[in-house]
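The chain contents come next:
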Amino acid sequence: MFKSMILATTIVATGVIGASAADPIIYTQPAPVVTSSTFDWDRFYIGLSAGGMNDGTQYFGVGGLAGLNMQSGDWVFGLEVQGTAYYDGGVYSGALYDVFGRAGYLVAPEALLYATGGVVFNNSGNTFAGIGGGIEFAVHDNVTFGGEYTYITDGGGTNGHVFDAKMRWYFN
């Protein structure tokens, strides 16, 4: 009887092992999805701006801009030109034209915190100095949104504060 139990156990074990060898179980993992979470800041761009200026009177402004950035690690340096038409109560009151340098640091791959400074001209031929800063967020492979503040002065008592919302389209 003991021999019969050993023989039965051997037959059952051999059948189970043989069955698993004939039908191997293969575990597969899906291929990883590779997405890039970093924005390429090292490009040419064009954009739109809208905002306000206050030099004792409040104005609403809309404009266009263009620029070029150069990225080195987490640092971004660039040059931007902008023209903005200002309105007081719906009536055109003049324009400002900026030529600014930018220097910024990527606080995240899609977020640039920057300082800016340069020269501002108005349509009357006056020249001003401008200094400010802003933040820009990448929301798509080629699109950013941001906000910027600029303090402008002619050094002789004429001062202004400019607040802009900006949208930029980057090109490869």
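For the structure itself, consult the block above.
Residues numbered from 1 in each chain as written. Predicted model: local features only at pLDDT ≥ 70, side-chain atom pairs only at ≥ 80, totals over all residues. Heavy atoms only, no water.

**Examining the packing of aromatic side chains**
Applying the stated criterion across every chain yields a total of 9 aromatic pairs. Seen in terms of ring centroids, Trp-41 and Tyr-170 are 6.1 Å apart; in terms of plane orientation they differ by 85°. Their pairing is edge-to-face. Residue Trp-41 is found in the loop between helix H1 (2-22) and strand S1 (44-54), and its partner Tyr-170 is found in strand S8 (residues 159-171); the two are separated by 129 residues along the sequence. Note on Tyr-45 and Tyr-170: the rings are 5.0 Å apart at their centroids and 40° apart in plane angle, and the pair reads as tilted. Of the two residues, Tyr-45 is situated in strand S1 and Tyr-170 in strand S8; the sequence distance between them amounts to 125 residues. Tyr-170 matches Tyr-45 in its accessibility class, with the two residues each being buried. An aromatic cluster of at least three residues, connected via ring pairs, comprises Phe-39, Trp-41, Tyr-45 and Tyr-170. Here the guanidinium or amino end of Arg-43 rests over the ring plane of Phe-39, the centre of that ring lying 4.9 Å away. Seen from the ring of Tyr-114, Arg-102 lies directly overhead, with NZ or CZ sitting 4.5 Å from the centre. (Phe/Tyr/Trp six-rings, centres within 6.5 Å; stacked < 30°, edge-to-face > 60°. Helix = DSSP H or I, 4+ residues; strand = E, 2+ residues; numbered from the N terminus. Buried < 20%, exposed > 50% of the residue type's maximum accessible area, 1.4 Å probe, protein only. Lys NZ or Arg CZ within 6 Å of the ring centre and 35° of its normal.)

**Topic: the pattern of salt bridges**
Counted under the stated rule, the structure contains 7 salt bridges. Residues Glu-136 and Arg-168 are paired through a salt bridge, measuring 3.1 Å at the closest nitrogen-oxygen approach. With a gap of 32 residues between them, Glu-136 in strand S6 (residues 127-138) and Arg-168 in strand S8 connect regions that are remote in the sequence. Since its relative accessible area comes to 0%, Glu-136 is described here as buried. Taking the relative accessible area as the measure of exposure, Arg-168 reaches 0% and is therefore buried. Measuring nitrogen to oxygen at the nearest pair gives 4.0 Å for the salt bridge that ties Arg-168 to Glu-148. With Arg-168 in strand S8 and Glu-148 in strand S7 (residues 143-153), the pair connects residues that are 20 residues apart, well separated along the chain. Judged by relative accessible area, which is 8%, Glu-148 ranks as buried. The network of salt bridges with shared partners includes Glu-80, Arg-102, Glu-136, Glu-148, Lys-166 and Arg-168. (Salt bridge = Lys/Arg side-chain N within 4 Å of Asp/Glu carboxyl O.)

**A short note on the sheet that holds strand S3 (residues 75-88)**
Pairing is antiparallel in the closed barrel, where 8 strands are placed in the order S1-S2-S3-S4-S5-S6-S7-S8. Between one strand axis and the next, the sheet turns through 25° on average, direction left out of account. Alignment of S1 against strand S2 (residues 58-72), held across 11 bridges, turns out to be antiparallel. Looking at the pairing, Tyr-45 lines up with Gly-67 of S2. (Pairing = 2+ DSSP bridges. Axes fitted to C-alpha atoms, helices over the stretch in contact; angles between N-to-C directions.)

**Remarks on the nonpolar core**
Formed by Phe-39, Trp-41, Tyr-45, Leu-65, Val-76, Leu-106, Leu-112, Tyr-114, Ala-138 and Tyr-170, the largest nonpolar core amounts to 10 residues. Formed by 9 residues, the second largest nonpolar core is a distinct cluster that contains Tyr-59, Phe-100, Phe-128 and Ile-152. (Core = buried A, V, L, I, M, F, W, Y, C linked by side-chain atoms within 4.5 Å.)

**Concerning the pairing of strand S5 (residues 111-122)**
Relative to S5, strand S4 (residues 91-108) is paired through 12 bridges, and the arrangement is antiparallel. For Phe-100, the partnering residue across the bridge sits in S5 and is Gly-118. Between the antiparallel neighbours S4 and S5 lie 2 residues. Across 11 bridges, the pairing between S5 and S6 is antiparallel.

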